[in-house]
Amino acid sequence: IDLHHDILFFLILILVFVSRMLVRTLWHFYYQKNPIPQRIVHGTTIEIIRTIFPSIIPMFIAIPSFALLYSMDEVVVDPAITIKAIGHQWYRTYEYSDYNNSDEQSLTFDSYTIPEDDPELGQSRLLEVDNRVVVPAKTHLRMIVTPADVPHSWAVPSSGVKCDAVPGRLNQTSILLQREGVYYGQCSEIRGTNHASTP
């Protein structure tokens, strides 16, 4: 929100400056008031000023933007639950790694898309899965995303979350769901004919 207000301040300054120049130009070069306009001679000073100022303004906008982008990538220090999403060709494996003990098997399950001709009444086509990931609302979650084979992407558009999965790398992202509900996700990495079959 602070970044929005800072950028809006600069945008208002630019709007006022450009509007003043436009109105002044229309006023001084109106054909009835000034039928033969004066010739304008180029000035080195004005050329330097109108080149440097527009390049300084994006720097003032970029510095807080980079700080915000960097801080948004930080994961919550102490998340309540960590879930690992492993992308396979056309399905996903989820692992609740907080509940793994050396004595027991890990809490792991596969999540396949319900076939297009097999959904029940009220289920969304190509978005419904046989095993849903269940997480609590109003709780900080950490998602660790990785693929088993080819590049994937783990995205839940309604939550504003998208994390790419690159082979040989663990990426992580934070989630905080504000209310209960069913949030449909999908793979937003185009990687073949059945790309739409990986929700």
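No experiment lies behind these values; they were computed from the predicted model shown.

Concerning the UniProt feature "transmembrane region" (unreviewed entry) in the protein
What UniProt calls "transmembrane region" (unreviewed entry) maps, in this numbering, to residues 6-27 and 48-70. Taken end to end, residues 6-27 is 100% helix and 0% strand, and its two terminal C-alpha atoms sit 32 Å from one another. In this annotation, residues 48-70 is assigned 100% helix and 0% strand; the end-to-end C-alpha distance for the span is 33 Å.

Some details on the environment of alanine 80
On the secondary structure map, alanine 80 appears in the loop between helix H2 (44-72) and strand E1 (81-88). Separated by 18 residues in sequence, alanine 80 and aspartate 98 have C-alpha atoms that sit 9.0 Å apart. Those residues in contact with alanine 80 that lie beyond four places of it in its chain are Asp98, Thr139 and His140.

Some details on the packing of helix H1 (residues 2-28) against H2
In contact at an axis separation of 10 Å, H1 and H2 are set at 170° when each is read in the N-to-C sense. Taken together, H1 and H2 sit at an angle that is classed as roughly antiparallel. For the pair H1 and H2, the contacting residues are Leu3, Ile7, Phe10 and Ile14 in the first and Ile57, Phe60, Ile61, Pro64, Ser65 and Leu68 in the second. When its residues are assigned to classes, the contact of H1 with H2 shows 9 nonpolar, 1 polar and no charged.

Some remarks on unusual backbone geometry
Despite not being glycine, tryptophan 90 has its phi angle at roughly 75°, a positive value. Here tryptophan 90 falls in the partly exposed class, since its relative accessible area comes to 27%. Not every positive phi belongs to a glycine, and lysine 138 is a case in point at roughly 55°. One can find lysine 138 in the loop between strand E3 (107-112) and strand E4 (140-147).

A closer look at the sheet that holds strand E2 (residues 91-96)
Here 5 strands make up an open sheet; going across it, the order is E3-E2-E1-E4-E7 and the pairing mixed. Looking at the sheet topology across the chains shown, the edges are occupied by E3 and strand E7 (171-176). When strand polarity is set aside, the average angle formed by the axes of neighbouring strands in this sheet is 25°. Where E2 and E3 come together, 6 bridges link them in antiparallel fashion. Within the sheet, the bridge partner assigned to threonine 93 lies in E3 and is aspartate 110.

Looking at the side chain of serine 153
Locating serine 153 in the fold gives a position in strand E5 (residues 152-156). Using a relative accessible area of 0% as the deciding quantity, one classes serine 153 as buried. Here the side chain of serine 153 touches aspartate 164 through a polar contact of 3.3 Å, side chain to side chain. If we skip the residues at most four places from it in the chain, serine 153 touches Arg92, Lys162, Cys163, Asp164, Ala165, Gln186, Cys187, Ser188 and Glu189.

Here we look at the nonpolar core
If you look at the biggest cluster of nonpolar residues, it comprises 16 residues, and the most contacted ones within it are Ile83, Tyr94, Met143, Val145, Trp154 and Ile175. The set of elements that each furnish at least two residues to this core consists of E1, E2, E4, E5 and strand E6 (161-165). For tryptophan 154, the contacting residues outside a window of four places in its chain are Ala85, Arg92, Tyr94, Met143, Val145, Val161, Lys162, Cys163, Ile175 and Gln186.

Thresholds applied
- Residues numbered from 1 in each chain as written.
- Predicted model: local features only at pLDDT ≥ 70, side-chain atom pairs only at ≥ 80, totals over all residues.
- Heavy atoms only, no water.
- UniProt positions renumbered as here; feature names shortened; annotations may be inferred.
- Helix = DSSP H or I, 4+ residues; strand = E, 2+ residues; numbered from the N terminus.
- Contact = heavy atoms within 4.5 Å.
- Axes fitted to C-alpha atoms, helices over the stretch in contact; angles between N-to-C directions.
- Parallel < 35°, antiparallel > 145°, perpendicular 65-115°, else oblique.
- Nonpolar A, V, L, I, M, F, W, Y, C, P; charged D, E, K, R; others polar.
- Buried < 20%, exposed > 50% of the residue type's maximum accessible area, 1.4 Å probe, protein only.
- Pairing = 2+ DSSP bridges.
- Polar contact = N/O pair within 3.5 Å; in protein donor to acceptor, adjacent residues only side chain to side chain.
- Core = buried A, V, L, I, M, F, W, Y, C linked by side-chain atoms within 4.5 Å.

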